[in-house]
Amino acid sequence: GAVVSQHPSWVICKSGTSVKIECRSLDFQATTMFWYRQFPKQSLMLMATSNEGSKATYEQGVEKDKFLINHASLTLSTLTVTSAHPEDSSFYICSASPPGAGGPRDTQYFGPGTRLTVL
Amino acid sequence: AQSVTQLDSHVSVSEGTPVLLRCNYSSSYSPSLFWYVQHPNKGLQLLLKYTSAATLVKGINGFEAEFKKSETSFHLTKPSAHMSDAAEYFCVVSVLFGNEKLTFGTGTRLTIIP
């Protein structure tokens, strides 16, 4: 089946630094990838939709200047948390739909997630 | 607007007994409904999905769910629990109109008692 990877799986950084998280579709090309955030014991919240070759679409309340998304190729999307602060500590998960998918209602394949801890 | 409510945050069952994870949804339009499972340190895996075809949906690993429009429910069941079923389960809704984004429930942690 389709596999999505994330790197790193966990990262610890100091407040004020920037952190980049990579999301890769390993065996398919993804024109659209999605970034979610999951707080402890809570649900996944969609942050943004990443479109290859164009600007990401952010959900209401998500700061686009803080969470920079780049989808430079059909297999790679990156999320950069700029000037991270302790409140940005969370579990970040990406997902992607294989070609031909009709939209988010079709099957999304999820990465294993990246746990970010900001000290 | 769409939303989904998972009625139990934690369910414990003995190995070999039936599993029932409850989910109610709210949607202005015909929804698509999904159940995903999240094992520790693993990505979310799709168990099954309903997209306006048969109301009883069979998924992987012996799980199934029934779409009941009159009750706005999409409960997940399995006849006999296995130790490997221990995980976090998410009920998810999506609708055709709008941006079709996935809306996740808060999750149900399933514990299997040996």
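Scroll up to find the structure this text is about.
Let us look at the structure shown here. (Residues numbered from 1 in each chain as written. Chains lettered and ligands numbered in written order. Predicted model: local features only at pLDDT ≥ 70, side-chain atom pairs only at ≥ 80, totals over all residues. Heavy atoms only, no water.)

This part takes up the state of the cysteines. Evaluation of the coordinates by the stated rule reveals two disulfides over all chains. Here Cys23(B) engages in a disulfide with Cys91(B); their sulfurs sit 2.0 Å apart. On the sign convention where negative means left-handed, the S-S torsion of about -70° between Cys23(B) and Cys91(B) marks this disulfide as left-handed. Placement of the pair is Cys23(B) in strand E4 (residues 23–27) and Cys91(B) in strand E10 (residues 87–95), with a sequence separation of 68 residues. Look at Cys23(B) and you get buried, because its relative accessible area is 0%. For Cys91(B), a relative accessible area of 0% puts it in the buried group. Cys94(A) supplies the cysteine sulfur nearest to Cys13(A), a cysteine that is in no disulfide, at a spacing of 18 Å. (Disulfide = S-S within 2.5 Å. Helix = DSSP H or I, 4+ residues; strand = E, 2+ residues; numbered from the N terminus. Buried < 20%, exposed > 50% of the residue type's maximum accessible area, 1.4 Å probe, protein only.)

Its boundaries defined by the atoms lining it, the largest pocket holds a volume of some 640 Å³. Along the walls of the largest pocket sit 22 residues, with Gln38(A), Phe91(A), Arg115(A), Gln38(B) and Arg109(B) positioned nearest its centre. Tallied by class, the residues present in the lining of the largest pocket amount to seven nonpolar, 10 polar and five charged. (1 Å grid on protein atoms, 1.4 Å probe; cavity = no way out; pocket = protein on both sides within 12 Å on 5 of 7 lines; lining within 4 Å. Points joined across faces, edges and corners; volume = space filled by probe spheres on them. Nonpolar A, V, L, I, M, F, W, Y, C, P; charged D, E, K, R; others polar.)

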